[in-house]
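Chain residues, written in single-letter form:
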Amino acid sequence: CNEVVFTVRKKTMEERFDGIMLSVAQQMEGGIDQVLELFFGFLFRKTDFFTGSVGGKAKNMVLEKFAKYQAMAKEKMGEDNEDDDADVEEEVVEINASNKIEELSEEEANELETKLKKKSEKTVKKSTSATTTRPPSKISKASDPEDLSQEDSGDEDGEGEKKPNGKLKPNTGNGANLPSYSWIQTLQDVEIRVPLNVGFRVKGKDCVVQIKKDFLSVGLKGHDPIISGKMPSSIHPDESTWLLDSNSITINMEKVNKMEWWSRVVDGEPEINTRKVQPENSNVGDLDDETQGMVRKMMFDQRQKEQGLPTSDEQKKLDMLEKFKKAHPEMDFSNAKIG
């Protein structure tokens, strides 16, 4: 039979502090400018970043990190970097050039005027694109029907036939794509994305997000909640965050029980068939002994259920019954049931 392997992904160094950074960013009403002001102010007040041994290299270090993540972002978005690379090269030349003022020739002046004109047109084009708004619509706009999670084909019964169960087939993130929101999960975390399809730019103060131990509510002020209800299991509220970006709310929650798959985000919402979850491969050997044992037990039990065989706990009860039967042959166990 095919081995089922569970995802137990360790967070990277950067991801470990995402919750803290998101919490800080959400409190900065001045946007990214205020976030940067806060970060560099911290380096100034609490470290020797600007004056210590790295002081002379501080600026280059910042520029290197900016260039690194700018390249990663552009690669992710699939954008053409040629124009921006040219701009960066021009900026470097200007920074490295001396402060000496020189008179331009007529040819150089015309060339500079042409560059400035192109840059101005490019800026106007971006500005126009950014300020274009969509017509007003309902908050909960249905996604493309082709993107929505489809009904699951069902589980096999003891005779090898599939019986529909009214549940959804998990998406590639082991969650579901619903008309009003989508969600994915690992054994440790749940991530929910709620698009806000309205004709204005939503700000943090417009959002109403409640994340409690076993309750979640998400929506906009003055509107009915898009998501609201009791969650199937508890989460750690202090380790959970939400972020507003481009009229979309993204919620990250850390599960208390890291050994179970959720079938839904809140009660009353469509459920996925958790027996069809397909986690990525991971090295169970990297875990501590106790967690390894729990993961392997879950893997074994899932394989047994798929084959219509008893789980490890059920097998223990059967073994105990067999021992008892052998010890008491005079007793009739024909009607014995294992509860």
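Coordinates for the structure precede this section.
All values derive from a computational prediction rather than experimental measurement. (Residues numbered from 1 in each chain as written. Predicted model: local features only at pLDDT ≥ 70, side-chain atom pairs only at ≥ 80, totals over all residues. Heavy atoms only, no water.)

Undergrad: Lay out the overall build of the protein in plain terms, naming residues and giving numbers.
TA: Counting its regular elements, the protein contains eight helices and ten strands. With 339 residues in all, the protein has 26% of them scored as buried. For the protein, restricting intrachain contacts to residue pairs at least 6 apart in sequence, the fraction spanning at least 24 positions comes to 55%. Entry remark: accessible area of the protein is about 24600 Å², with carbon and sulfur atoms responsible for 52%. (Helix = DSSP H or I, 4+ residues; strand = E, 2+ residues; numbered from the N terminus. Buried < 20%, exposed > 50% of the residue type's maximum accessible area, 1.4 Å probe, protein only. Contact = heavy atoms within 4.5 Å. Areas by Shrake-Rupley, 256 points an atom, 1.4 Å probe, with all protein chains shown as cover.)

Undergrad: Before we move on, can you summarise the packing of aromatic side chains with the specific residues and values?
TA: Evaluated as defined, the whole model comprises one aromatic pair. Measuring from ring centre to ring centre gives 5.6 Å for F39 and F40, while their planes differ by 75 degrees; the resulting arrangement is edge-to-face. (Phe/Tyr/Trp six-rings, centres within 6.5 Å; stacked < 30°, edge-to-face > 60°.)

Undergrad: Quick rundown of the sheet that holds strand β8 (residues 227-230)? Include the residues and the values.
TA: The strands making up a sheet are joined through hydrogen bonds of the backbone, oriented either antiparallel or parallel. Taken in spatial order, the three strands make up an open sheet running β6-β7-β8, and their pairing is antiparallel. Edge positions in the sheet fall to β6 (207-211) and β8, since each has one partner strand and no second. Each neighbouring strand pair of the sheet contributes to a mean axis angle of 10 degrees, computed without reference to strand direction. In this structure, β6 lies alongside strand β7 (residues 215-220), joined through five bridges in antiparallel fashion. In the strand pairing of β7, Q210 is matched with S217. (Pairing = 2+ DSSP bridges. Axes fitted to C-alpha atoms, helices over the stretch in contact; angles between N-to-C directions.)

Undergrad: Can you explain the side chain of S217? Please cite residues and give values.
TA: Along the chain, S217 falls in strand β7. Leaving out residues up to four positions away in the same chain, S217 has contacts with V208, V209, Q210, P225, I227 and S228.

Undergrad: Break down the nonpolar core for me, with residues and values.
TA: What tends to happen in soluble globular proteins is that the nonpolar side chains get buried as a cluster. I192, L216, I227 and M253 are the most contacted members of the largest nonpolar core, which totals 29 residues. If you list the elements that add at least two residues to this core, you get β5 (189-195), β6, β7, β9 (235-244) and β10 (248-255). Discounting residues that sit within four places of it in the chain, I192 has contacts with Y181, S182, W183, L216, I227, I249, T250, I251, M253 and V265. (Core = buried A, V, L, I, M, F, W, Y, C linked by side-chain atoms within 4.5 Å.)

Undergrad: I'd love a proper account of the pattern of salt bridges, names of residues and values included.
TA: Counted according to the given criterion, the structure contains four salt bridges. Residues K325 and E322 are paired through a salt bridge, measuring 3.6 Å at the closest nitrogen-oxygen approach. Taken as a pair, K325 and E322 lie in helix α8 (residues 312-327) at a separation of three residues, close to a single helical turn. We classify E322 as partly exposed; its relative accessible area is 38%. Connected via shared salt-bridge partners are R264, D267 and E271. (Salt bridge = Lys/Arg side-chain N within 4 Å of Asp/Glu carboxyl O.)

Undergrad: Tell me about the pairing of strand β4 (residues 182-185), and name the residues and values.
TA: Burial along β4 is one-sided: W183 and Q185 are buried, and none of S182 and I184, which face the opposite way, are. In this structure, strand β3 (residues 176-177) lies alongside β4, joined through two bridges in antiparallel fashion. Residue N177 lies in a different strand from β4, and its bridge partner there is S182. Linking β3 back to β4 in an antiparallel pair, the connection comprises four residues. By the bridge criterion, four bridges tie β4 to β5 in an arrangement that is antiparallel. Within β5, the residue paired with Q185 across the bridge is V190.

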